[in-house]
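What follows is the residue order along each chain.
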Amino acid sequence: MGVTTRRITYYVPPQPSDRDVGGVRHAYPQGSDNRGDAMKGREVRNQTAKAAVLVAAGALVLAACGTNKEESGGGGGQAACDTSKGTLIVGVIAPQSGSLSALGLGIKNSADLAVKQANEACKVKGYKLALQTEDDQATAQVGAQAATKLSSNPNVVGVIGTLNSSVAQSVQPVLAQKKIAQISPANTNPSLTQGTDYATSKKRPFETYFRVCTTDALQGPFGATYMVSKAGKKKIATISDGKTYGVGLVQEFTKQATKLGAAVVANETVGEKDTDFGGVIAKIRGAAPDAVYYGGEYPIAGPLSKQMKDAGLNVPLMGGDGIFDPKFIELGGADGDLATSVGAPTESLSSAKAFVDAYAAANYPEAFSAYGAFSYDSANALIGALATTMGDSGTWGEDKRADLLKNIGSYKATGATGEVAFDEYGDSTNKLLTVYQVSGKEWKPVETGKFEG
Amino acid sequence: MSPLEFTTVVVAFAVYVWLVSQAGKQATDRTVFARPAAVAGGVLTIVAALLPWATFVLNDGPYPAKSTLQFFDAPFELGGFRAHLALFGIVALVFTFVRIPGRNRAIRGLGWGVGVISLVNVLFIAINGGGIGAVTAAEGSTAFAGFLGLIAGVLLVAAGSAGGIEPIPQWPTKLPTAVAFLVLLLSFAGLLWVVAETLTSGGLGGPSSPYAGPEFLSYLGFLVGLLGALYGIGLLRWISTLSEQHRVFSMIVLLLCAVALPFTDAGTDYWMTVAVNIGVYAATAIGLNIVVGLAGLLDIGYVAFLGIGAFVAAQLSGAASAKLAGPIGEVPFIIVLVICAVVAGIFGAIVGSPTLRVRGDYLAIVTLAFGEIFRKSAQENIGGLTGGANAVPNIPPISLFDQPFNEPISAGGVVLPSGVLYYFLIVLLIAVVMLVFANLKDSRIGRAWMAIREDEDAARAMGIKTGKAKILAFLVGATLAGMAGAVFAHKTSTVAYDSFQFLESVTLLAAVVLGGMGTIPGAVLGASLLFVLPEKLREFNEYRLMMFGLALVLIMRFRPQGLVPDRVRRAEFAGETATGESIEQVQEKAVVEHEQELAEAETGPGPAAPAGGGEGRARP
Amino acid sequence: MSTLLEQLANGMVLGGTIALIAIGYTMVYGIIQLINFAHGEVFMIGAYGALFAFMWWLPSGMKEDWYVTLPLLLVIGIGVAVGVAVLMERFAYRPLRNAPRLAPLITALGVSVFLQEFVRVFYRCPSPSGGEPSACATSAIGFPEAFVKGGVHVSIGQGFTIPYAGILIIVVSLGLAVALQMYVGRSRMGRAMRATSADPDTARLMGVNPDRTIVITFVIGGALAGVAGVLYGVRYTSVNIDMGFLNGIFAFTAAVLGGIGSIKGAVVGGFAIGLIKTLAGQYMPGGTGYDLVWIFIVLIVVLVFRPQGFFGETERVRA
């Protein structure tokens with residue numbers, strides 16, 4: 001039967017099948033030339049699909065009757081705050097998708113934590129706070145869009161963000177136009193607060209912009225001073241990842257190091273997605289440096305340090321707060337490697353530990369990453385200033401925005417990253433920096449001090 | 001939304017779509033079932049609209065459209081998606097009993113709409129409510145309306161298919177000009193209304209409207225049903241035929257509609273910003289459409305031209321870090337626009353020059369290489385022109401007649417949102433670009449491009465100077481992208497290398513492919529979707545790129561001709577003629593007719609002829 | 001002098017990985033004329049699959065000795081990579097086999113983005129403190145260094161070390177390439193592949209099942225990518241989800257450089273690209289910041305002036 005079927009079907013004019021209506025498509029080599037097989041194929045497909053439906057139905061039955069209904073009015077058991085005046089919104093602009101989402105999600109979660117804590121503590125009288133996160137997709141044009149969206153809501157009191165300095169450049173003017181406060185946890189480009197000519201004449205371009213992280217102009221030189229004056233390194237090679245943070249850090253480091261009499265013998269760039277650094281290592285080895293300064297973050301710095309040592313280049317690697325992370329050591333950071341970070345060592349800071357514990361307790365699926373603590377401090381600064389602005393009986397309105405900006409400017413508290421306060425440019429006044437060194441698979445503080453430019 | 005919830009949504013969606021299409025397939029031409037199923041479906045839809053959807057008030061606040069409403073509480077307070085459902089149910093019933101041509105197709109469309117609306121709302125109530133209990137029964141209250149809606153959707157689609165899908169009815173197209181103009185005016189006004197409604201549906205999201213995502217998706221479901229029904233009864237085809245007949249008038253009305261958008265509900269500074277971004281990308285996509293859609297040269301590094309335009313504009317602007325601004329002084333925007341276009345065009349010709357020797361996939365790789373070279377050079381601050389990692393910040397807004405473009409303006413007592421001038425500028429730019437594109441497409445060079453796309457060797461044999469034509473395609477395309485870049489630079493106020501990554505090129509290509517290669521509305525629609533969807537569906541932020549990748553695969557698999565297909569493309573990709581018939585069928589029909597003619601010629605006109613033709617086909 | 005030698009060694013190690021990926025590219029292109037953009041992602045997923053098994057399932061006893069761990073990692077990496085490659089062929093490419101040429105290329109771009117994001121969103125690492133697993137693929141993850149530690153020390157000039165894992169990559173890539181060359185040249189399946197590549201319709205008439213042949217091609221390509229992924233992880237001790245795209249582009253360039261369709265060409269091209277990257281970073285103006293640019297310039301020049309590459313037989317006309 002099978003053989004004859006085959007013969008006969010050969011003469012049956014091709015029937016347009018359900019999904020292949022095209023006359024221009026040829027039979028070759030899609031599927032089989034045998035209709036029997038094709039039918040069988042479809043049956044099998046139907047069977048699979050039926051099985052899938054059954055599984056799905058089963059899942060539905062299992063999930064039946066589940067709800068997360070909360071009793072209205074209650075906020076999870078603790079004493080309810082007075083939120084009769086409505087909801088005020090803390091905006092977040094950070095990448096939530098794509099390759100920078102790890103950092104962006106950390107920023108969002110940490111700000112969320114701050115908002116939740118503020119709600120529990122009834123920080124802003126009469127109002128409930130809520131977080132609204134916008135994805136800037138790590139590009140300037142979408143960032144501007146997100147900023148416009150937040151700025152068109154009168155209940156948005158301020159914005160935490162952004163991650164990328166280039167996105168901040170497009171967000172700043174939009175928020176400034178509506179006098180909405182912006183506190184960045186991560187922008188390190190000095191020109192954002194001090195104008196394009198920050199080196200010669202400082203001029204604050206936007207009254208609404210603040211940041212809690214240090215600029216490259218502080219961290220780079222502080223690292224250089226330690227490296228040259230304390231550690232006695234005279235021939236230093238620099239590597240950057242080509243991004244704003246890394247390039248800026250290396251530039252500022254180089255300036256100070258040369259001023260102190262050290263020679264920067266090589267300046268190389270690695271790709272932001274690279275994992276193989278053999279070429280760069282061989283090249284800087286040619287210049288025989290006695291230390292390497294890396295501008296960038298730990299995902300590259302860790303393997304870079306390891307590959308350096310594997311290739312026999314046994315000199316310490318130093319970086320900024322972007323590499324000050326336990327993951328750096330996990331990824332290959334070796335004993336003797338150095339990092340600078342803002343503030344006094346975290347162990348001596350109970351507020352830092354409190355943040356880490358609270359974050360762990362809140363069970364966010366993502367880690368708080370490099371800028372989580374800064375984001376937490378930014379949100380707290382915004383909320384704290386808001387509480388001061390509103391007092392006990394204030395009502396939110398456009399007229400409060402100027403007060404809010406003033407109060408952020410004069411805000412002072414101890415946060416997860418140390419002292420949080422702002423100078424006349426909106427920069428963090430926390431000029432206290434600490435040098436850490438890896439020893440015994442752990443970051444150990446070696447020196448704390450201030451950099452006075 | 002957690003990965004698990006996301007997976008649930010995707011799987012549920014796939015399973016339901018599969019179920020409905022299976023129902024339609026199984027029911028095909030079983031005429032007996034048509035009417036009962038349609039009646040049952042219509043009634044169920046109305047009942048679903050009236051019964052409660054959620055068993056309790058969700059934690060984030062009441063679900064929209066009073067979903068916990070009981071029929072007897074307030075039967076006339078239907079709003080939002082429930083009003084849509086009620087409307088669909090009534091229309092379906094009307095179609096069942098009134099002999100309207102094309103009604104089965106329309107009922108099928110309505111069924112899809114009902115199904116999608118129900119599915120979206122069921123899924124989101126269940127997810128936001130923490131489980132199936134939220135849409136079935138919890139703590140003594142019940143809500144089964146969602147599942148009724150799902151069933152109604154299946155029934156309606158089955159009913160439509162069972163009734164027999166008829167060819168789309170042709171409406172009279174030889175109308176007096178005045179009537180045709182009136183119809184067109186009304187339909188474009190309707191289009192404007194739909195666009196404004198789509199943009200504003202669900203609100204802006206955030207804590208003030210926590211269900212923006214589902215409301216928007218549900219609204220899309222409504223559009224699916226509405227457009228399906230209008231398409232089914234032949235109205236959409238009629239309008240498009242009329243607008244083809246009165247092209248110039250349609251263009252003018254469309255332009256007026258675009259200008260009128262800021263006066264609608266969507267006229268906020270936020271939507272103006274989004275619209276300008278869409279416009280920039282749409283203009284670039286139209287440029288890309290010349291290269292890919294018309295000339296068939298795949299370019300996957302195209303965003304570089306947008307970048308070149310943007311960097312040139314940034315350098316010519318009064319920005320503090322702009323190198324060229326000092327010696328030249330401030331340049332009027334019109335001249336900047338021209339310079340950007342020229343510079344980008346030159347680069348376009350350079351990038352296009354390998355087309356003289358490289359073809360097909362290899363060319364795609366060459367363009368990718370050029371795109372990456374551009375990005376890397378911009379990152380390394382080549383020649384000090386791009387600002388490198390620091391970008392070129394603080395580019396001042398365009399200013400014309402002492403009116404900066406980023407400020408709100410008031411015209412005749414109406415205050416228009418800030419950014420509206422940019423919007424008008426980009427609308428104007430797109431109008432010009434469209435004009436260029438439309439004229440080029442039908443010109444000698446346009447036909448040469450299409451000939452090259454279909455078969456380069458044959459084109460050359462016909463005397464087309466293929467090399468020149470191909471470079472010209474790149475040049476013209478890049479020119480358009482360069483102009484878009486000039487607007488981009490001023491509107492975004494900063495130009496950084498990371499705005500021009502490979503993924504942006506893929507996005508542009510996706511806009512062209514999604515909308516339909518070789519058509520203008522396609523490129524605009526594609527760019528709009530790729531910008532509006534992420535804005536609206538914040539719930540899916542984390543999964544944006546994943547869905548984007550998946551969408552590319554699915555489009556190529558199921559609708560390679562895009563949403564608004566070009567006629568020629570439709571023939572190539574889907575095997576359909578311009579009127580939506582399968583080419584195979586048309587060819588068969590032609591063969592049959594030809595055989596009939598032959599038979600007639602042999603035997604003379606008579607009743608034997610059709611039988612002869614039929615026999616010829618049925619020969620084993 | 002020692003710098004040049006060191007750069008040559010670095011280039012060879014990188015080149016070995018690229019060669020392994022390039023073979024997959026070249027074979028798939030040879031047989032169905034598809035630039036499988038997502039092939040780089042198969043490489044990435046091979047590494048991530050092996051790492052996943054290592055973190056979640058491997059008992060700690062098996063993590064001690066490299067000669068136990070490495071084969072296990074390789075087997076799992078190959079399995080995962082092959083699975084993904086086959087699924088990709090079945091569900092994304094096969095339905096498009098007769099579609100216009102743009103369609104599969106755009107699909108490949110889509111598959112590439114999808115796979116990368118799929119790993120980013122769904123990949124989970126066990127939490128060290130025993131809590132909820134964390135979404136860890138969002139940044140680089142450490143990869144076990146499952147091979148002899150240390151390396152050969154070359155004491156010329158300043159002296160440098162070539163890690164053993166690097167030598168392993170070079171040896172394995174050359175070995176696999178030779179074995180594959182023999183398989184394709186001598187076995188029945190290899191003949192079927194060449195036949196399908198040359199003329200699918202005639203091959204079909206000669207009793208070759210094109211579907212099966214194409215699947216086998218994807219299996220071989222996937223397996224090599226899996227090997228490359230695991231060895232890459234072992235050598236560089238960290239993986240990130242972007243590594244597939246970048247190395248995929250390198251590999252494609254290598255395949256073109258060597259002459260697409262030729263296994264020998266892919267290997268030679270792979271090593272050439274590895275060397276270009278390191279040597280351009282060392283000696284060309286702009287230094288390491290522009291090494292990618294040089295690779296792309298080479299790519300353009302080759303495509304324009306010698307599209308058949310080193311070992312391509314004749315210039316194929318692709319419309």
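It should be emphasised that the depicted structure is a prediction, and the values quoted were computed from it without experimental measurement.

## Concerning the overall build of chain B
- When helices and strands are counted, chain B shows 24 helices and six strands.
- Against the globule reference of 25 Å for 620 residues, chain B gives a C-alpha radius of gyration of 27 Å, in line with a compact fold.
- Projecting the C-alpha coordinates of chain B onto the three principal axes gives extents of approximately 80 × 80 × 50 Å.
- Within chain B, the fraction of its 620 residues that count as buried is 55%.

## Some points on the overall build of chain C
- Within chain C, the regular secondary structure consists of 11 helices and four strands.
- Rg of the C-alpha trace for chain C: 20 Å, near the compact-globule value of 20 Å for 319 residues, within the 12% margin.
- Here chain C, with 319 residues, has 59% of them falling under the buried criterion.
- Counting only contacts in chain C whose residues sit at least 6 apart along the sequence, the fraction spanning at least 24 positions is 74%.

## Considering the sheet that holds strand S4 (residues 181–184) of chain A
Residues and elements named next belong to chain A.
- Taken together, the five strands give an open sheet; going across it, the order is S2-S1-S3-S4-S5, and neighbouring strands pair in parallel fashion. In this open sheet, the two strands that pair with only one neighbour each are strand S2 (128–135) and strand S5 (209–211). On average, each strand axis in the sheet is tilted by 25° relative to the strand beside it, whichever way the strands run.
- With three bridges connecting them, strand S3 (residues 156–161) and S4 associate as parallel partners. Counterpart to Val-159 in the pairing with S4 is Gln-182.

## Focus: the nonpolar core
- Core analysis: the largest hydrophobic core is formed by 443 residues, its most contacted members being Leu382(A), Ala473(B) and Ala254(C).
- Tallying contributions element by element places helix H10 (residues 269–294) of chain B first for this core, with 18 residues.
- Those residues in contact with Leu382(A) that lie beyond four places of it in its chain are Val90(A), Val157(A), Gly158(A), Ile160(A), Ala181(A), Ile183(A) and Ile408(A).

## Overview of the interface of chain A and chain C
- Facing 39 residues of chain A, the contacting portion of chain C comprises 44 residues.
- Among the elements that line the side of chain A that touches chain C, the one with the most residues is helix H9 (residues 278–286) of chain A, at seven residues.
- Residue composition of the side of chain A that touches chain C, grouped by class: 13 nonpolar, 16 polar and 10 charged.

## Thoughts on the confidence of the model for chain B
- In this model, chain B carries a mean pLDDT of 83, and residues with pLDDT of at least 70 account for 91%.
- Within chain B, the element-level pLDDT minimum falls on helix H24 (residues 608–618) of chain B, averaging 41, and the maximum on helix H11 (residues 303–316) of chain B, averaging 92.

## Description of the pairing of strand S7 (residues 263–269) of chain A
Residues and elements named next belong to chain A.
- Here strand S6 (residues 235–240) pairs with S7 via six bridges, running parallel. Bridge pairing in S7 links Ala-237 to Ala-266.
- With helix H8 (residues 244–259) bridging S6 and its parallel neighbour S7, the resulting β-α-β unit is right-handed.

## A short note on the sheet that holds strand S14 (residues 443–450) of chain A
Residues and elements named next belong to chain A.
- With mixed pairing, seven strands are arranged side by side in an open sheet as S7-S6-S8-S9-S10-S13-S14. In the strand order of this sheet, the two ends are held by S7 and S14, each with one partner. Neighbour-to-neighbour, the strand axes of this sheet turn through a mean angle of 25°, independent of strand direction.
- Helix H10 (residues 298–310) contacts strand S8 (291–295) and strand S9 (317–319) of the sheet and is inclined by roughly 165° relative to S9.

## Some points on unusual backbone geometry
- Of note, the amide linkage connecting Gly161(A) to Thr162(A) takes the cis form, showing an omega dihedral of 5°.
- You can see Thr162(A) is positioned in the loop between S3 and helix H5 (165–177).
- One non-glycine residue with positive phi stands out, namely Ser493(B), at about 65°.
- Of note, Ser493(B) is situated in the loop between helix H18 (466–492) and helix H19 (502–515).
- By C-beta crowding, Ser493(B) is classed as buried, having 25 other C-beta atoms within 10 Å.

## Points about the environment of Val9(B)
Residue and element names in this part refer to chain B.
- Tracing the backbone through its elements, the reader meets Val-9 in helix H1 (residues 3–27).
- Judged by C-beta crowding, with 21 C-beta atoms within 10 Å, Val-9 ranks as buried.
- On a C-alpha basis, the gap between Val-9 and Leu-123 in space is 6.8 Å, while along the polypeptide they are 114 residues apart.

## Structural notes on the environment of Gly77(C)
Residues and elements named next belong to chain C.
- Along the chain, Gly-77 turns up in helix H3 (residues 66–93).
- Considered as a pair, Gly-77 and Val-301 are 224 residues apart in the sequence and their alpha carbons are 35 Å apart.
- Residues in contact with Gly-77, not counting those within four places in the same chain, are Gly-46, Ala-47, Gly-49, Ala-50, Gly-226, Val-227, Gly-229 and Val-230.

## Quick notes on the packing of H11(B) against helix H14 (residues 360–379) of chain B
Residues and elements named next belong to chain B.
- At their nearest, the axes of H11 and H14 sit 9 Å apart, and the two run at 35° to each other. With respect to the hand of their crossing, H11 and H14 are arranged in left-handed fashion. In contact with Val-303, Ala-304 and Gly-307 of H11, H14 contributes Phe-370, Gly-371, Phe-374 and Ala-378.
- Broken down by class, the residue content of the contact of H11 with H14 amounts to five nonpolar, two polar and no charged.

## Some words on H9(A)
All names here are of chain A.
- Most of H9 is tucked away, with eight of its nine residues classed as buried.
- Those residues of H9 lying buried are Gly-278, Gly-279, Val-280, Ile-281, Ala-282, Lys-283, Ile-284 and Arg-285.
- A positive backbone phi angle near 50° is found at Ala-288, which sits one or two residues after H9.

## Looking at the confidence of the model for chain C
Residues and elements named next belong to chain C.
- Per-residue confidence for chain C gives a mean pLDDT of 86; residues scoring 70 or more make up 96%.
- Confidence over residues 315–319 falls short of pLDDT 50; this stretch has 10 contacts with residues more than four positions distant or in other chains.
- Quick note on the complex model: pTM equals 0.87, ipTM equals 0.90.

The rules we used
Residue positions are given per chain, counting from 1 as you read along its sequence in written order. Chain labels run from A onward and ligand labels from 1 onward, assigned in the order the entries are written. Where local features are concerned, this predicted model is filtered to residues with pLDDT of at least 70; where side-chain atom pairs are given and counted, the filter is 80 or more; whole-chain, interface and lining totals use all residues. Secondary structure elements follow DSSP: runs of H or I of four or more residues count as helices, runs of E of two or more count as strands, with numbering from the N terminus. The size measure is the radius of gyration over C-alpha atoms, and the globule rule it meets is 2.2 Å times the number of residues to the 0.38 power. Neighbour density around each residue's C-beta defines its exposure: 20 or more other C-beta atoms within 10 Å make it buried, 12 or fewer make it exposed, and counts between make it partly exposed, where C-beta atoms are placed from the backbone. Residues are scored as being in contact if the C-beta atoms we place from backbone atoms lie within 7 Å. Two strands pair if DSSP finds at least two bridges between them. Structural elements are reduced to axes, namely lines fitted to C-alpha atoms, with helices fitted over the stretch in contact, and the angle between N-to-C directions of any two is expressed from 0 to 180 degrees. The term nonpolar core means buried Ala, Val, Leu, Ile, Met, Phe, Trp, Tyr and Cys residues held together as one set by C-beta atoms within 7 Å. Under the scheme applied here, ten amino acids are nonpolar (Ala, Val, Leu, Ile, Met, Phe, Trp, Tyr, Cys and Pro), four are charged (Asp, Glu, Lys and Arg), and all others, including Gly, are polar. Each residue carries a pLDDT score, the predictor's confidence in it, ranging from 0 to 100. Call a crossover right-handed when, viewed with both strands pointing away from you, the route from the first strand across the helix to the second goes clockwise. The hand of a helix crossing depends on one turn: near helix anticlockwise from the far one by less than a right angle means left-handed, and clockwise means right-handed.

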